[in-house]
Amino acid sequence: MKFQLMLAPMEGATGSAFRALCHQNGADLTFTEIARVSNLARKKKGELEKIALPDNTPTQIQLAGSKLPEYEKFLASFKPTGGFRGFNLNLGCSSPDFLRQGLGAAMVKRVSRVGEIVSLINKHGYECSIKMRLGMDNYEKQKGAYLNLISAVDASFFVVHARTAKQTLDDPADFSVYKKCVETGKRIVANGDIKAKEQVAELRRLGLHGAMMGRAAMGNPGIFRELQAD
């Protein structure tokens, strides 16, 4: 299977125009900004606009939420459009607001609930992937919270941002975690500090499914073509 290069979801940045630009420059898959399922279930206009897919750019809609009835209510009326390629659960956001509500990276240890959400989305006929951090902090990372979730949940692939929620983008991503992630037998996509062909070559060698770029693509949307080149 072809190694996938993906554009990371970024708040205030990855609108439809930028997603289309990156796809034209070689991104295999893109993602919307985070949409709160609670707002989608209530049909809030601003939130619905976030998940609008006006063209055929391959896109997954990124969702944040933990309550099954809200997912059920939203999915019951959802109609795929354009380049829709499924949903992506956000288990990576580290904003204090999200963490206080038990969302984002706070959900990495909620293995059963995450599994229930993925199953519900699948039941409605849609693919579901997961974007996650290594846990809330170094303790959760060392205890293997991220590996427990990957092993137990049946998502289509797992984007592993190789930092904990307590780390900032100034802290280096820990590429050493990917070997154990791949050993789970699941499809793993690397995320965090990826910007060079040598890194992509190493990720391929380790058996990863793909790599996701965010900040590097903001500065250079052509990075996807560059990383694809032989």
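Read on for an overview of the structure. (Residues numbered from 1 in each chain as written. Predicted model: local features only at pLDDT ≥ 70, side-chain atom pairs only at ≥ 80, totals over all residues. Heavy atoms only, no water.)

## With respect to helix α1 (residues 16–24)
Thinking step 1. Of the positions making up α1, those classed as buried are Phe-18, Arg-19, Ala-20 and Cys-22.
Thinking step 2. Elements in contact with the buried residues of α1: β1 (4–7), β2 (30–31), β4 (59–64), α11 (215–219) and α12 (223–228).
Thinking step 3. Among the residues trailing α1, Gly-26 stands out with phi positive, at a value near 110°. (Buried < 20%, exposed > 50% of the residue type's maximum accessible area, 1.4 Å probe, protein only. Helix = DSSP H or I, 4+ residues; strand = E, 2+ residues; numbered from the N terminus. Contact = heavy atoms within 4.5 Å.)

## What to know about the packing of helix α4 (residues 68–77) against helix α6 (residues 111–123)
Thinking step 1. Running from N to C, α4 and α6 cross one another at 15°; their axes reach a closest spacing of 10 Å. Here α6 runs roughly parallel to α4, going by the angle between their axes. Like other packed secondary-structure pairs, α4 and α6 cross with a definite hand, here right-handed. On α6, the residues that touch Leu-68, Tyr-71, Glu-72 and Leu-75 of α4 are Arg-113, Glu-116, Ile-117, Leu-120, Ile-121 and Lys-123. (Axes fitted to C-alpha atoms, helices over the stretch in contact; angles between N-to-C directions. Parallel < 35°, antiparallel > 145°, perpendicular 65-115°, else oblique. Left-handed = near helix turned anticlockwise from the far one by under 90°.)

## Side note on the packing of aromatic side chains
What describes a pair of aromatic rings is the distance from one ring centre to the other and the angle between the planes of the rings.
Thinking step 1. According to the stated counting rule, one finds nine aromatic pairs in the structure shown.
Thinking step 2. Aromatic side chains Phe-74 and Phe-78 sit 5.5 Å apart centroid to centroid with 55° between the ring planes, which places their arrangement in the tilted category.
Thinking step 3. The buried category is assigned to Phe-74, whose relative accessible area is 3%.
Thinking step 4. Using a relative accessible area of 10% as the deciding quantity, one classes Phe-78 as buried.
Thinking step 5. Taking 5.4 Å as the distance between ring centres and 85° as the angle between the ring planes, the aromatic pair formed by Phe-78 and Tyr-126 counts as edge-to-face. Residue Phe-78 is located in the loop between α4 and β5 (84–91), and its partner Tyr-126 is located in the loop between α6 and β6 (128–132); the two are separated by 48 residues in the primary sequence. Assigned by exposure class, Phe-78 and Tyr-126 land together as buried.
Thinking step 6. Through a chain of ring-to-ring contacts, three or more aromatic side chains come together here, namely Phe-74, Phe-78, Phe-84, Phe-87 and Tyr-126. (Phe/Tyr/Trp six-rings, centres within 6.5 Å; stacked < 30°, edge-to-face > 60°.)

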